[in-house]
Amino acid sequence: MKNILEKDVQGSIGAQKYLCTISWRNGELLMDEPKNIGGQDLGPDPYSTLLASLAGCTLSTLRMYIDRKGWNIPEIQIALNLSQNNESELETTISRTITFSEIITEAQKERLLLIAEKCPVSKLLKNKININTQL
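Residues numbered from 1 in each chain as written. Predicted model: local features only at pLDDT ≥ 70, side-chain atom pairs only at ≥ 80, totals over all residues. Heavy atoms only, no water.

A. Molecular detail of the overall build of the chain. The helix and strand inventory of the chain stands at three helices and five strands. Counted from the first residue to the last, the chain has its helices and strands arranged as β-β-β-α-β-β-α-α. Here the chain has a C-alpha radius of gyration of 18 Å; the compact-globule value for 135 residues is 14 Å, and the former is much larger. If you line up the chain on its principal axes, its C-alpha atoms span 55 × 40 × 30 Å. Split into buried and exposed, the 135 residues of the chain put 20% on the buried side. When contacts within the chain are restricted to residue pairs at least 6 apart in sequence, those whose partners lie at least 24 apart make up 33%. Put simply, the chain shows about 10,600 Å² of open surface, and 52% of that area lies on carbon and sulfur atoms. (Helix = DSSP H or I, 4+ residues; strand = E, 2+ residues; numbered from the N terminus. Rg over C-alpha atoms; globule rule 2.2 N^0.38 Å. Buried < 20%, exposed > 50% of the residue type's maximum accessible area, 1.4 Å probe, protein only. Contact = heavy atoms within 4.5 Å. Areas by Shrake-Rupley, 256 points an atom, 1.4 Å probe, with all protein chains shown as cover.)

See below:
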């Protein structure tokens, strides 16, 4: 299989508890944990970063579709969160709420819900994921 990204996303952590530097193509971001669990809250935690990926992908996918259709929807908002149930096996549920700055028709709403589900990160998260770890 061919890699999707040209360059690997890379990360490092030093002695400061939970503070990670993550590098991608041409930039860096800090990831950290909240103070209530021992981090310094200097950047998003891993769950927030995962949800940010889904948010960005969903918004971009919807914008491309709306623009292609020529619909007058100048702004899209999204809110995401997740919950987990660990009773028999770990089950994670992501809630995604999308709102628009303009009133949309019922037909547009149905279509945009379908398009949101087609964003590449949505499809990735809903399918089988294998993580191959090497030391």
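B. Molecular detail of the environment of Ala 52. Summarising the element assignment, Ala 52 is placed in helix α1 (residues 46-69). Judged by its relative accessible area of 47%, Ala 52 is partly exposed. Sequence separation between Ala 52 and Ala 79 is 27 residues, and the spatial gap between their C-alpha atoms is 9.6 Å.

C. Up close: helix α2 (residues 106-117). Taking 1.5 Å per residue as the helical rise, α2 with its twelve residues ought to reach 16 Å, and the 17 Å between its terminal C-alpha atoms agrees with that figure. Listed as buried for α2 are Gln 108, Leu 112, Ile 115 and Ala 116. Around the axis of α2, the buried residues are gathered within 100° of arc, so they sit on the same side. Exposed side of α2, more than 90 degrees from the buried face: Glu 106, Ala 107, Glu 110 and Leu 113 are the residues found there. Where the residues of α2 are buried, they touch α1, β5 (91-100) and α3 (120-126). (Expected span 1.5 Å × (residues − 1). Arc of directions from axis to C-beta.)

D. The packing of α1 against α2, seen in detail. As a packed pair, α1 and α2 sit with axes 9 Å apart at the nearest point and diverge in direction by 135°. It follows from the interaxial angle that α1 and α2 lie oblique. Where α1 crosses over α2, the handedness of that crossing is right-handed. For the pair α1 and α2, contact is made by Thr 58, Thr 61, Leu 62, Tyr 65 and Ile 66 and by Arg 111, Leu 112, Ile 115 and Ala 116, respectively. (Axes fitted to C-alpha atoms, helices over the stretch in contact; angles between N-to-C directions. Parallel < 35°, antiparallel > 145°, perpendicular 65-115°, else oblique. Left-handed = near helix turned anticlockwise from the far one by under 90°.)

E. Representation of the nonpolar core. Ranked by size, the top nonpolar core spans eight residues in total: Leu 62, Tyr 65, Ile 66, Ile 73, Ile 76, Leu 112, Ile 115 and Ala 116. Going through the elements one at a time, α1 and α2 are the ones with two or more residues in this core. Ignoring sequence-local partners within four residues, the contact set of Tyr 65 consists of Trp 71, Arg 111, Leu 112 and Ile 115. With six residues, the next largest nonpolar core counts Leu 51, Leu 54, Cys 57 and Leu 80 among its residues. (Core = buried A, V, L, I, M, F, W, Y, C linked by side-chain atoms within 4.5 Å.)

F. Here's a closer look at the sheet that holds strand β1 (residues 10-13). Strand order in the open sheet formed by three strands is β1-β2-β3, with antiparallel pairing between adjacent strands. In this open sheet, the two strands that pair with only one neighbour each are β1 and β3 (27-31). Here the average twist between neighbouring strands, direction ignored, is 20°. (Pairing = 2+ DSSP bridges.)

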